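One-letter residues, chain by chain:
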Amino acid sequence: MGVISETKKHLTTGSECPPLKPGTLRCYSMKFCPYAQRTRLVLAAKGVPHEIVNINLKAKPEWYLAKSATGGKVPGLELDDHFATESLITCDLLEELYPQPALYPTDPWLKARDRLMVELFGSVSSLTYQMYRAMGDAQKIKQISEDFNTKLQIFEKELVERGTPFFFGDRPGMLDLMIWPWVERFPAARKLGVTSLPTGEMPPPPPEIKHFHEWVMRMTQHPEVKSCSVTTEDHMKFIKSFIAGNPDYDMEISSV
Ligand SMILES: N[C@@H](CCC(=O)N[C@@H](CS)C(=O)NCC(=O)O)C(=O)O
């Protein structure tokens, strides 16, 4: 969906920067990075033609470090002599550059509400990292599972109040897309021991997050979301290599 080309390998120190074609948008990414996934989801939702250049984050190319003001983090977006980084900034930039289809509500108050919800989701995404570190510690995992449920109830309540299939309405909007990458990793988290998480799979999660669970199922089936997804097995494999301190960026991945 709009992807013109993608580097098969993650480019490393000593590599050459692939020549930029005038007028072609480029997204710097890492195949398993949830932040870069945000930008790729917005590109997919808008159907913007773009190329993807994958970056090895353990051995970053010198030329990528030179472009970036954030130590060579992904995502990065480049067009001609412009470069932007930080997931939320790149996604808002795409919304301004390519207004259709719109991903924010037109009412400024509702847009502010969406932004607040993205901000609040930060406490859910940080739990996923705590969980990876707690792997094998049953007591800690239990505590983290309870924290997940408490925090997800804010999103459950929001969906109930909005009464729409997605936070945005009939299709995913910015809020849906900004929180999705971490939710996509819930099944991996579940396999790692956090059994209460809604994953769209059986057994269903506790009734307190029923609507959120249904939203997960809708998102999982959505074509734009699918086009940027990685399977649970591949997430698990990558998470294990990441925790072991040896992230396997170039591992073979299967299609969703
Ligand atoms: N706040 C940044 C976080 C991006 C980020 O941490 N990306 C990770 C990959 S998932 C990265 O580039 N890590 C390499 C590094 O920190 O040097 C954003 O929202 O874009």
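The protein chain carries the name Pyrimidodiazepine synthase in an unreviewed UniProt entry, which gives Amphibalanus amphitrite as its organism. In its Sequence similarities (unreviewed entry) section, the UniProt entry covering the protein chain states "Belongs to the GST superfamily. Omega family."

**Here's the deal with the packing of aromatic side chains**
Under the defined criterion, the tally for this structure stands at 17 aromatic pairs. When the ring of tryptophan 180 is compared with that of tryptophan 215, the centres are 5.8 Å apart and the planes differ by 75°; the resulting orientation is edge-to-face. Remark: tryptophan 215 occurs in helix H8 (residues 210–221) and tryptophan 180 occurs in helix H6 (residues 174–184); sequence separation between them is 35 residues. By the burial criterion, tryptophan 180 is buried, and tryptophan 215 matches it. With 6.0 Å between their ring centres and 40° between their planes, phenylalanine 238 and tyrosine 249 make a pair best called tilted. Placement of phenylalanine 238 in helix H10 (residues 232–243) and of tyrosine 249 in the segment after H10 is noted, with a sequence separation of eleven residues between them. Classification of tyrosine 249 by relative accessible area gives buried; the value is 7%. Positioned above the aromatic ring of tyrosine 104, the side-chain terminus of lysine 111 is 4.9 Å from the ring centre.

**A look at the sheet that holds strand E1 (residues 3–6)**
In spatial order, the strands read E1-E3-E2-E4-E5; together these five strands make up an open sheet with mixed pairing. In this open sheet, the two edge strands, each paired with only one partner strand, are E1 and strand E5 (82–85). Along the sheet, successive strands turn relative to each other by an average axial angle of 20°, direction set aside. As judged from the three bridges shared by E1 and strand E3 (residues 50–54), these two strands associate in the parallel manner. Residue glutamate 6 lies in a different strand from E3, and its bridge partner there is isoleucine 52. Packed onto the sheet, helix H1 (residues 34–46) meets strand E2 (25–29), E3 and strand E4 (76–79) and runs at close to 150° relative to E2.

**Details of the packing of helix H4 (residues 108–133) against helix H5 (residues 138–162)**
Between H4 and H5, the shortest axis-to-axis distance is 10 Å and the interhelical angle comes to 160°. The pairing of H4 with H5 is recorded here as roughly antiparallel in orientation. Like other packed secondary-structure pairs, H4 and H5 cross with a definite hand, here left-handed. Along its contact with H4, which presents Arg113, Asp114, Met117, Leu120, Phe121, Ser123, Val124, Leu127, Thr128, Gln130 and Met131, the element H5 presents Ile141, Ile144, Asp147, Phe148, Lys151, Leu152, Ile154, Phe155, Glu158 and Arg162. For the contact of H4 with H5, a count of residues per class yields twelve nonpolar, three polar and six charged.

**Describing the site of the ligand**
Surveying the vicinity of the ligand reveals the residues Cys33, Pro34, Tyr35, Leu57, Lys60, Lys73, Val74, Pro75, Glu86 and Ser87. In this structure, an oxygen atom belonging to the ligand sits 2.4 Å away from a side-chain N or O atom of lysine 60. Within the backbone of valine 74, an N or O atom sits 3.0 Å from an oxygen atom of the ligand. For the ligand, whose free accessible area comes to 510 Å², the fraction covered by protein is 73%. Structurally, the ligand is housed in the largest pocket. Looking at the shell around the ligand residue by residue, the class counts come to six nonpolar, one polar and three charged.

What counts as what
Residues numbered from 1 in each chain as written. Predicted model: local features only at pLDDT ≥ 70, side-chain atom pairs only at ≥ 80, totals over all residues. Heavy atoms only, no water. UniProt positions renumbered as here; feature names shortened; annotations may be inferred. Phe/Tyr/Trp six-rings, centres within 6.5 Å; stacked < 30°, edge-to-face > 60°. Helix = DSSP H or I, 4+ residues; strand = E, 2+ residues; numbered from the N terminus. Buried < 20%, exposed > 50% of the residue type's maximum accessible area, 1.4 Å probe, protein only. Lys NZ or Arg CZ within 6 Å of the ring centre and 35° of its normal. Pairing = 2+ DSSP bridges. Axes fitted to C-alpha atoms, helices over the stretch in contact; angles between N-to-C directions. Contact = heavy atoms within 4.5 Å. Parallel < 35°, antiparallel > 145°, perpendicular 65-115°, else oblique. Left-handed = near helix turned anticlockwise from the far one by under 90°. Nonpolar A, V, L, I, M, F, W, Y, C, P; charged D, E, K, R; others polar. Near = heavy atom within 4 Å. Polar contact = N/O pair within 3.5 Å; in protein donor to acceptor, adjacent residues only side chain to side chain. Areas by Shrake-Rupley, 256 points an atom, 1.4 Å probe, with all protein chains shown as cover. 1 Å grid on protein atoms, 1.4 Å probe; cavity = no way out; pocket = protein on both sides within 12 Å on 5 of 7 lines; lining within 4 Å. Sits in = over half its atoms within 2 Å of the grid points.

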